[in-house]
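Residue-level listing of the chains:
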Amino acid sequence: SRDPEQEYFADGMTEELITDLSKIGALRVISRTSVMHYKGTQKTVPQIARELNVDAVVEGAVARSGNRVRITAQLIEASTDTHLWADNFERDLKDVLRLQDEVALEIASEIKVKVTPQEQTRLASARPVNPEAHELYLKGRYYWNKRTPKTLKKGLEYFQQAIEKDPGYASTYAGLAASYAMLGAGDYTVLPPKEAYPRAEAAARRALELDSTLAEAHASLAWSKMVFDWDWQGAEREYKQAIQIDPGYANAHHWFALYLSEMGRHTEAIAEDRSAESLDPLSLIISADLGKEALGPAGLYDQEMEECRKTLEMDPNFAEAHHCLADSYRNKRMYKEAVA
């Protein structure tokens, strides 16, 4: 969209299409964090594909007019920069979720990927949604993705407004759960954990009552069980459920890796973080945590240092990357460098 006022809508549609495509287990789909690095880029499709190590790119545009939404999508083979498929889709805003599912299935069909009956069911079961609630949800997700204490609180407000408009819209409760989970986390600590995590758990459970196939809700519930309840078995069960539902959900792999590292299961932790990094190769926090929370505890200090430096190459001002490097220096008893 060329309208800056509609940026949240275009970003939200992008994220929702990524989520739908990633539910197809036969596909490796790059996560939102990495994709958004290319927003407004002048790089060519082959350049982007090489950097992300992908075979094809989905490109598109979204336009709104009143209560109608129109998506133009095209599938491009990266190596040759040729169009494999293109189509237009138009629906009423209340059917926007079905529209996105339809686009995902069309793409899967075009590249001859096998979609399992369970995946087909998940992608064909979207209910009509209140357009105002969906718009508030997209605004909530837009601010949640900025991941600062201020924007997390703003996102939370939008999710709550969306629930008021449509109490049966499961994804808004999943957004609410993720917001409370982050607001109570040590990186932000906006709310006391004893206030944030029970709310996160309640919202996640409500989301799953409405739609048991929401991977994000399972992951938020797992996170709450892990960091607040210390319910280790419950956390592992929910992480595995999230990954089974959506193998392409990088966050679930990332958080599960943190859990496995805490359990001393270092080989599994590294494998899960590698999966997360494959799905979201430009995510700074996944890269830093792979070093500090997985490779370091496994005693692989040289690999930890290499991963920390790779994160710093992506962003020299990312504080957690410096924390990661300090940890690797400390592990190697290079205390002067660690202090610096």
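Throughout, residues of each chain are indexed from 1 in the direction in which the sequence is written. Totals for whole chains, interfaces and linings use all residues, but because this is a predicted model, local features are given only for residues with pLDDT of at least 70 and pairs of side-chain atoms are given and counted only at 80 or more. No hydrogens and no water enter the side-chain calculation; it runs on all heavy atoms of the structure.

1. Some details on a nonpolar patch on the surface
Put simply, the rule is: A patch consists of residues whose relative accessible area exceeds 30% and which take part in no salt bridge; residues with like charges are grouped when within 9 Å of each other, and nonpolar side chains (Val, Leu, Ile, Met, Phe, Trp, Tyr) when within 5 Å. Exposure was quantified through the Shrake-Rupley algorithm and a 1.4 Å probe, taking into account, for residues, occlusion by the shown protein chains and nothing else. Here, a salt bridge means any Lys or Arg side-chain nitrogen found within 4 Å of an Asp or Glu carboxyl oxygen. A run of DSSP states H or I qualifies as a helix once it reaches four residues; a run of E qualifies as a strand once it reaches two. Both are numbered from the N-terminal end. Buried residues are those whose accessible area, probed at 1.4 Å on protein chains only, stays under 20% of the maximum for their type, while exposed residues exceed 50% and partly exposed ones sit between those limits.
Taken together, the side chains of Trp230, Trp232 and Met263 define a hydrophobic patch exposed on the protein surface, amounting to about 340 Å² of accessible area. Within the element layout of this structure, Trp232 appears in helix 11 (residues 232-245). You can call Trp232 partly exposed: its relative accessible area is 35%.

2. Describing the packing of helix 12 (residues 250-262) against helix 14 (residues 284-295)
Just so we agree on the cut-off: To obtain each axis, a line is fitted to C-alpha atoms, and for helices this fit is confined to the stretch in contact; angles are then taken between N-to-C directions over 0 to 180 degrees. Working rule for angles: under 35 degrees goes down as roughly parallel, over 145 as roughly antiparallel, 65 to 115 as roughly perpendicular, anything else as oblique. Two helices crossing with the near one rotated counterclockwise from the far one by less than a right angle form a left-handed crossing, whereas a clockwise rotation gives a right-handed crossing. Residues count as neighbours in contact if any of their non-hydrogen atoms are within 4.5 Å of one another.
Two elements in contact, helix 12 and helix 14, have axes separated by 10 Å at closest approach and are oriented at 15°. Accordingly, the angle class assigned to the pair helix 12 and helix 14 is roughly parallel. Between helix 12 and helix 14 lies a crossing of left-handed hand. Contacts between helix 12 and helix 14 involve Ala250, His254, Leu258 and Ser261 on the former and, on the latter, Ile285, Ile286, Asp289, Glu293 and Ala294.

3. Examining the environment of Ser283
By the secondary structure assignment, Ser283 is in the loop between helix 13 (266-279) and helix 14. It is 28 Å that separates the C-alpha atoms of Ser283 and His83, two residues lying 200 residues apart in sequence. Not counting residues up to four positions away in its chain, the partners in contact with Ser283 are Thr33, Ser34 and Met314.

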